[in-house]
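So the chains spell out like this:
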Amino acid sequence: MRSRKYWVMGATAALVMVSSPAVAATLSNGNGQSCGDGMGVWHFVNNQTGGAAAGTLNATFSDGSVWNVAPSAVNQNVQHFYVESTGTLISATTTLPGKLVLSDFTCEDVKKK
């Protein structure tokens, strides 16, 4: 019986962590909603935030208004934002990771929950 010897050479692996900024969520559904000349209420929800701290929503409208709002509610993985504005919704983004959706839109005044 032959005896074999194996040499195992240890290797040191270096783990390099590169910090990159979180990708901002961009509205994935809806734009173009409008109440004509009236006031509209847009309810945006940013899902899958990974427990991020309170973010900011940036919403742009056709009348030239740009809204930067803090969330009305911050849950473990979801943040809610309300914007009351005139004009047509052009775009919306947040400073958060995850998915931004337009949850509700109405031309009536509603109380923020």
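Just above sits the structure.
Residues numbered from 1 in each chain as written. Predicted model: local features only at pLDDT ≥ 70, side-chain atom pairs only at ≥ 80, totals over all residues. Heavy atoms only, no water.

### Quick look at the sheet that holds strand 4 (residues 73-74)
Let me state the cut-off plainly: DSSP bridges decide pairing: two strands pair if at least two such bridges lie between them. Note on conventions: DSSP H or I runs of at least 4 residues are helices, E runs of at least 2 residues are strands, and numbering of each starts at the N terminus.
The antiparallel open sheet is built from four strands, whose spatial order is 4-5-1-7. Both outer strands of the open sheet, strand 4 and strand 7 (99-106), are each paired with one neighbouring strand and no more. Bridge count between strand 1 (residues 40-47) and strand 5 (residues 79-85): seven bridges; the pairing is antiparallel. Opposite Val41, over in strand 5, you have Glu84 as the bridge partner.

### Considerations on the side chain of His80
Heads up, the condition is: Polar contact is the term for a pair of N or O atoms within 3.5 Å; when the atoms are in protein, one must be able to donate a hydrogen and the other to accept it, and sequence-neighboring residues count only if both atoms are side-chain atoms. It only takes one pair of heavy atoms within 4.5 Å for two residues to be counted as in contact.
When you line up the elements, His80 lands in strand 5. A distance of 2.9 Å separates a polar atom in the side chain of His80 from a polar atom in the side chain of His43. What His80 contacts, discounting residues up to four positions off in sequence, is His43, Phe44, Val45, Pro71, Ser72, Ala73 and Asn75.

### Regarding the packing of aromatic side chains
Given two aromatic rings, one states the distance between the centres and the angle between the planes to describe the pair. To keep things clear, this is the line we draw: Each Phe, Tyr or Trp ring (for Trp, its six-membered ring) is paired with any other whose centre lies within 6.5 Å, and the angle between the two planes then decides the class: stacked below 30 degrees, edge-to-face above 60, tilted in between. Think of it in three bands: with a 1.4 Å probe and only protein chains considered, a residue is buried below 20% of the maximum accessible area for its type, exposed above 50%, and partly exposed in between.
Inspection of the entire model under this criterion finds two aromatic pairs. Between Trp42 and Phe105, the aromatic rings sit 4.8 Å apart at their centres with planes inclined by 45 degrees, giving tilted as the arrangement. You can see Trp42 sitting in strand 1 and its partner Phe105 sitting in strand 7, a full 63 residues away along the chain. Here Trp42 falls in the buried class, since its relative accessible area comes to 0%. Owing to a relative accessible area of 26%, Phe105 belongs among the partly exposed residues under this scheme. Among the aromatic residues, those joined into a ring-pair cluster are Trp42, Phe61 and Phe105.

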